[in-house]
Amino acid sequence: MAVNTHSKGFNELYQSHHEWLVHWIARRNPGGNNAQDLAQDTFVRLLDRPRLPEAIRSPRAWLTKVAGNLLIDQIRRQVLERNYLAVLENLPEATYPSPEDKWELLGLLEHIDQLLSGLRPLEKTVFLMARLDGMTYRQVAESQGLSLSSVEKYIAKAMLKCYAATYGDRY
């Protein structure tokens, strides 16, 4: 019975707001042609919730928040992909990765970006310089014009963020 109530409420919400949401997304992503896909993903998120849509007081506000977050994630993925492809262009052809390796590396970059979400750009940069580029904390500090203690603080913050994202709040 609860499933039918949930389904009925979901169907009504979908029919009432789907077309509006597609237009809302299309206005905010004029170059993108995937407004339909993002709207579908937004409603899929709604299906994952146990007590909705009856519990939503302001459906359009909720839908725009979720769709906006999905749009930001999509833009972030596109930036990562462009940067990754730009790096690949500078590699010698002999070391160019296979399509499977490219896909896997892009997924890994996306995962790292998600782990570091919420950090300021400088904090991300400092962390990546130390962890991915293999620079010492002192080298990072000199290259960024920071104190050694600031670099240590930024890296500790980033590591804590990664740990929390991976293991939850069990620390």
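Because the structure is predicted, anything quoted here is derived from the model rather than measured. (Residues numbered from 1 in each chain as written. Predicted model: local features only at pLDDT ≥ 70, side-chain atom pairs only at ≥ 80, totals over all residues. Heavy atoms only, no water.)

Draft legend 1. Seen up close, the pattern of salt bridges. Throughout the structure, instances matching the rule amount to two salt bridges. Across the pair Glu 123 and Arg 120 runs a salt bridge whose closest N-O atoms are separated by 3.5 Å. Taking the relative accessible area as the measure of exposure, Glu 123 reaches 3% and is therefore buried. Classification of Arg 120 by relative accessible area gives partly exposed; the value is 43%. Each of Arg 120, Glu 123 and Lys 157 takes part in a single network of salt bridges with overlapping partners. (Salt bridge = Lys/Arg side-chain N within 4 Å of Asp/Glu carboxyl O. Buried < 20%, exposed > 50% of the residue type's maximum accessible area, 1.4 Å probe, protein only.)

Draft legend 2. Seen up close, the packing of helix α3 (residues 59-89) against helix α4 (residues 99-115). Direction vectors running N to C along α3 and α4 enclose 130 degrees, while the axes themselves pass 10 Å from each other. Between α3 and α4, the angle is such that the two are oblique. When the axes of α3 and α4 are compared, the crossing they make is right-handed. Along its contact with α3, which presents Arg 76, Arg 77, Leu 80, Glu 81, Tyr 84 and Leu 88, the element α4 presents Asp 101, Lys 102, Leu 105, Leu 106, Leu 109, Glu 110 and Asp 113. Of the residues in the contact of α3 with α4, the class split is six nonpolar, no polar and seven charged. (Axes fitted to C-alpha atoms, helices over the stretch in contact; angles between N-to-C directions. Helix = DSSP H or I, 4+ residues; strand = E, 2+ residues; numbered from the N terminus. Parallel < 35°, antiparallel > 145°, perpendicular 65-115°, else oblique. Left-handed = near helix turned anticlockwise from the far one by under 90°. Contact = heavy atoms within 4.5 Å. Nonpolar A, V, L, I, M, F, W, Y, C, P; charged D, E, K, R; others polar.)

Draft legend 3. Layout of α4. Taking 1.5 Å as the rise per residue, α4 with 17 residues should run 24 Å; its terminal C-alpha atoms sit 24 Å apart, in good agreement. Three or more residues of α4 are buried, namely Leu 106, Asp 113 and Leu 115. Where α4 is buried, its residues contact α3, α5 (121-131) and α7 (148-167). (Expected span 1.5 Å × (residues − 1).)

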